[in-house]
Amino acid sequence: MSFAATRIAYQGDAVLVTIPGNGQQIAAVTFGGLPASSFLYKGAYRALAGVAYTKIPGVYNLRVKFNDAPDFVRPVTVLKKSFPVVNLPVPEKLNQTPRQLVTSLQTVNAAIQKVTAVRTSGIYFSYGFGLPLADNSKIGSPFGEIRKTGEEIIHHYGIDFSAPAGTASNPGRSVRSP
């Protein structure tokens, strides 16, 4: 995943833009017509929008509507990204068929989407964003990786970093290791 501060993003990226202005009240932020987030960080407002891995390549507007000023519009060109395909069998200890595993993951993903769809003006972090490990160079599974399990296909919506069990993260520790 990358953060596109420029006018180009790939499928699966996040678009992060500093919103120009002098304290105008933000009414809404959208990307391609869908709700996006804005927040104050280090004295400036930022807009953050995810680019779905399924987003059709093309030009989309990141639009900030102000209560008391003209809209700020930043066109962003979304480019196609090729995602790696990995053949991944269901671990025996799960005692599931590929279809059962996919159904279980879909249920979990639906619950996550329900939670992340809630928009709030509350700020839930008090420090800068950062990667979870001191050594983030070992990516076990990249965002968007396509996992084939039998005839089933699962898209990976996160980034897995590889680290030995017990490795400290920000904050916490690794409890499973490949």
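Above this text sits the structure in question.
Residues numbered from 1 in each chain as written. Predicted model: local features only at pLDDT ≥ 70, side-chain atom pairs only at ≥ 80, totals over all residues. Heavy atoms only, no water.

Caption draft 1: Inspection of the environment of Ile 146 at higher detail. On the secondary structure map, Ile 146 appears in strand β12 (residues 146-149). On the accessibility criterion, Ile 146 (17% relative accessible area) is buried. Aside from chain neighbours lying at most four places away, what touches Ile 146 is Phe 83, Pro 84, Val 85, Val 86, Ile 153, Ile 154 and His 155. (Helix = DSSP H or I, 4+ residues; strand = E, 2+ residues; numbered from the N terminus. Buried < 20%, exposed > 50% of the residue type's maximum accessible area, 1.4 Å probe, protein only. Contact = heavy atoms within 4.5 Å.)

Caption draft 2: Up close: the side chain of Arg 46. The topology assignment puts Arg 46 in strand β7 (residues 44-50). Nearest to the buried, unbridged Arg 46 among oppositely charged side chains is Asp 13, at 18 Å. In this structure the side chain of Arg 46 is engaged in a polar contact, spanning 2.8 Å, whose partner is the side chain of Thr 18. Of the polar contacts made by the side chain of Arg 46, one reaches the backbone oxygen of Tyr 41; its length is 3.1 Å. (Lys, Arg positive; Asp, Glu negative; His and termini not counted. Salt bridge = Lys/Arg side-chain N within 4 Å of Asp/Glu carboxyl O. Polar contact = N/O pair within 3.5 Å; in protein donor to acceptor, adjacent residues only side chain to side chain.)

Caption draft 3: Spotlight on the sheet that holds strand β8 (residues 58-66). Spatially, β2-β9-β8-β4-β5 is the arrangement adopted by the five strands of the open sheet, whose pairing is mixed. Pairing within the sheet leaves two strands with one partner each, and these edge strands are β2 (8-10) and β5 (34-35). (Pairing = 2+ DSSP bridges.)

Caption draft 4: Spatial organisation of the packing of aromatic side chains. By the definition in use, this model includes two aromatic pairs. With a centroid separation of 6.1 Å and an interplanar angle of 45 degrees, the aromatic rings of Phe 31 and Tyr 60 are classed as tilted. With Phe 31 in strand β4 (residues 26-31) and Tyr 60 in strand β8, the pair connects residues that are 29 residues apart, well separated along the chain. Take Phe 31 and Tyr 60: they sit in the same class, and that class is buried. On the basis of an interplanar angle of 90 degrees and a centroid distance of 6.2 Å, the ring pair of Tyr 53 and Phe 83 is categorised as edge-to-face. Placement of Tyr 53 in the loop between β7 and β8 and of Phe 83 in the loop between β9 (72-79) and β10 (85-87) is noted, with a sequence separation of 30 residues between them. The ring centre of Tyr 60 lies 4.2 Å from the NZ or CZ of Lys 55, which sits over that ring. (Phe/Tyr/Trp six-rings, centres within 6.5 Å; stacked < 30°, edge-to-face > 60°. Lys NZ or Arg CZ within 6 Å of the ring centre and 35° of its normal.)

Caption draft 5: Broad picture of the pairing of β8. Across five bridges, the pairing between β4 and β8 is antiparallel. Each bridged residue has a counterpart across the sheet, and for Thr 30 the counterpart in β8 is Arg 63. Relative to β9, β8 is paired through seven bridges, and the arrangement is antiparallel. Residue pairing for β9: Tyr 60 is matched across the bridge by Val 76. Connecting β8 to the next strand, β9, in antiparallel fashion are five residues.

Caption draft 6: Focus on the pairing of strand β6 (residues 37-41). Bridge analysis of β6 against β7 gives five bridges, and the strand direction is antiparallel. Looking across to β7, one finds that Ser 37 is bridged to Leu 48. Taken together, β6 and the strand that follows it, β7, pair antiparallel across an intervening segment of two residues, in which Lys 42 is found at a positive phi of about 50 degrees.

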